[in-house]
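Now for the letters of each chain:
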Amino acid sequence: MPFSLSHRWPVRQLIAATSFILLVACAEKPTAADAQTLQATPVATAPAIIPPVVPSTDPLDLQPTQTFAEWQASFRKDALAAGIRPDLFDRAFANVSFDASVIRADRSQPEFSRPVWEYLDGALSPLRVRKGQALIDQYADVLQSIEQRYGVDRQTLVSVWGMESNFGQVQGSKSVINSLATLAYEGRRPGFAHAQLIAALQILQQGDITPEKMLGSWAGAMGQTQFIPTTYNTHAVDFDGDGRRDIWGSPADALASTAHYLQSSGWQRGQPWGFEVQLPGDFNYTLADGATRKSVAEWRQLGVILPNSGQVAAGSDQLSAALLLPAGYRGPAFLILDNFRAILKYNNSSSYALAVSLLSERFNGGGLISGSWPKDDLPLSRTERMELQTLLSARNYDAGTADGIIGANTRKAIRSAQQSLGWPADGYPTHKLLESLRTQ
Ligand code: CA
């Protein structure tokens, strides 16, 4: 699902909520609520690729004003104007019809979010670790070539492969043209779907894949890398040299395309993604917003303790890092570096990036978290998040629109409320805070 932020939008779509994920279709993908969205606003519901959108409060807003056939005739003109051949268009649309299941998925607003620790348990399952280790051996030669060309290590590439499509096993079985046509007709982001559909037709016209084999998720994420069509056009590569960029059937092409995308997203060869850290008891948690950047040396001066008695720090002191608390101050803390931010451009969910990072270390026997998760503190539901926002705003802590999305404004409001209560101001939405606001 890479969308580069530039063409993509802040990312994963809606919700953002409290802590992380919600599972929807594809198994271990973060979906809803990502507590700490590091860039812009959160995102969330299902599979990737879609720009965030504030849910419409009026269902009538979403009704198309033309029939699907009328839309298709109009879109055909746009496609031809964009250089798509008429015969190619007609072949690609030969069996296209409106798919209501795509619209249901697009509008789904999950009530409950999966806690980050449960998400990580699924993402880092022993079975997935063993499969990844076997694939690292099996594809050792091609992975070495990819590392040399793009500078991204093999463990990270295989980790993304596992997270995106379970190493190619779960790529989505819907016609990409059909899904994107449905979304362009009646989805929440018709302009985005329109652009993706044009890009998908361009891919077909280039001859990389046939319409019948161009399969993906309901949102149009394709193949083993789950690229959306525009990302495919800018970053997919033919690494096995057969003349086609086959992210569906060729692991070499898929892994190299992933490496190319991460390289373009700021990946730094040889650097770590980050590391788990310990915080001092009197730490100023307002700094731990996942976005405030300081050098590793500056964080150490603030009392942040790095692993291995500072060994890790030796080569990292000048690197730019942010502090991430995926479950608030009571849970584990991580310093995250440029390579973590590159993974976020694949999928702007801090839980996703953490899973990719930890899984890459699990392949070598690492990646274990020493801090404990606050498992007695489940993520707020969507309804509770909206209530929290309403109560915060009523107390003059401006939480913005009560949309259930815990974005920057809501976090700031939470911190203010926490400070006035004398609590650690980590900006993390909890049941305790909600209860407190209800009774104030
Ligand atoms: Ca190829």
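The structure reproduced in this document is the subject of the present report. Nothing here was measured: the structure is a model prediction, and the numbers come from that model.

### Concerning the pattern of salt bridges
So, point 1. Applying the stated criterion across every chain yields a total of 16 salt bridges.
So, point 2. In this structure, Asp-317 and Arg-300 form a salt bridge, with 2.9 Å as the shortest nitrogen-oxygen distance. Here Arg-300 lies in helix H13 (residues 296-301) and Asp-317 lies in the loop between helix H14 (311-314) and strand S5 (320-324), a separation of 17 residues in the sequence.
So, point 3. Between Glu-387 and Arg-438 there is a salt bridge, with its nearest N and O atoms 2.7 Å apart. You can see Glu-387 sitting in helix H17 (residues 382-394) and its partner Arg-438 sitting in helix H19 (residues 431-439), a full 51 residues away along the chain.

### Thoughts on the environment of Trp-273
So, point 1. Tracing the sequence through the fold places Trp-273 in the loop between helix H12 (251-264) and strand S3 (274-277).
So, point 2. Along the primary structure Trp-273 and Leu-354 are separated by 81 residues, whereas in three dimensions their C-alpha atoms are 9.0 Å apart.
So, point 3. Not counting residues within four places of it along the chain, the set of residues in contact with Trp-273 comprises Phe-334, Leu-335, Ile-336, Leu-337, Asn-339, Phe-340, Leu-354, Ser-357, Leu-358 and Glu-361.

### Things to note about the nonpolar core
So, point 1. Counting 86 residues, the largest nonpolar core has Phe-93, Leu-201 and Met-214 as the members making the most contacts within it.
So, point 2. Once residues within four sequence positions are removed from consideration, Met-214 is found in contact with Lys-174, Ser-175, Val-176, Ile-177, Ala-200, Ile-203, Leu-204, Ile-209, Met-222 and Trp-248.
So, point 3. Counting residues in hydrophobic clusters, the runner-up holds 17 residues, among them Val-296, Leu-306, Leu-323 and Ala-333.

### Let's talk about helix H10 (residues 190-206)
So, point 1. Its 17 residues give H10 an end-to-end C-alpha distance of 24 Å, which sits within 8% of 24 Å, the value for a rise of 1.5 Å per residue.
So, point 2. Within H10, the full set of buried residues consists of Phe-192, Ala-193, Gln-196, Leu-197, Ile-198, Ala-199, Ala-200, Leu-201, Ile-203 and Leu-204.
So, point 3. A positive backbone phi angle near 85° is found at Gly-207, which sits one or two residues after H10.

### What to know about the sheet that holds strand S4 (residues 293-295)
So, point 1. In spatial order, the strands read S3-S6-S5-S4; together these 4 strands make up an open sheet with antiparallel pairing. Single-partner strands in this sheet number two, and they are S3 and S4. Strand-to-strand twist across the sheet, computed as the mean angle between neighbouring axes with direction ignored, equals 35°.
So, point 2. Where S5 and strand S6 (residues 333-336) come together, 3 bridges link them in antiparallel fashion. Bridging across to S6, Leu-324 finds its partner in Phe-334.
So, point 3. Against the sheet, helix H15 (residues 338-346) touches S4, S5 and S6, its axis set at about 65° to S5.

Conventions and cut-offs
Residues numbered from 1 in each chain as written. Predicted model: local features only at pLDDT ≥ 70, side-chain atom pairs only at ≥ 80, totals over all residues. Heavy atoms only, no water. Salt bridge = Lys/Arg side-chain N within 4 Å of Asp/Glu carboxyl O. Helix = DSSP H or I, 4+ residues; strand = E, 2+ residues; numbered from the N terminus. Contact = heavy atoms within 4.5 Å. Core = buried A, V, L, I, M, F, W, Y, C linked by side-chain atoms within 4.5 Å. Buried < 20%, exposed > 50% of the residue type's maximum accessible area, 1.4 Å probe, protein only. Expected span 1.5 Å × (residues − 1). Pairing = 2+ DSSP bridges. Axes fitted to C-alpha atoms, helices over the stretch in contact; angles between N-to-C directions.

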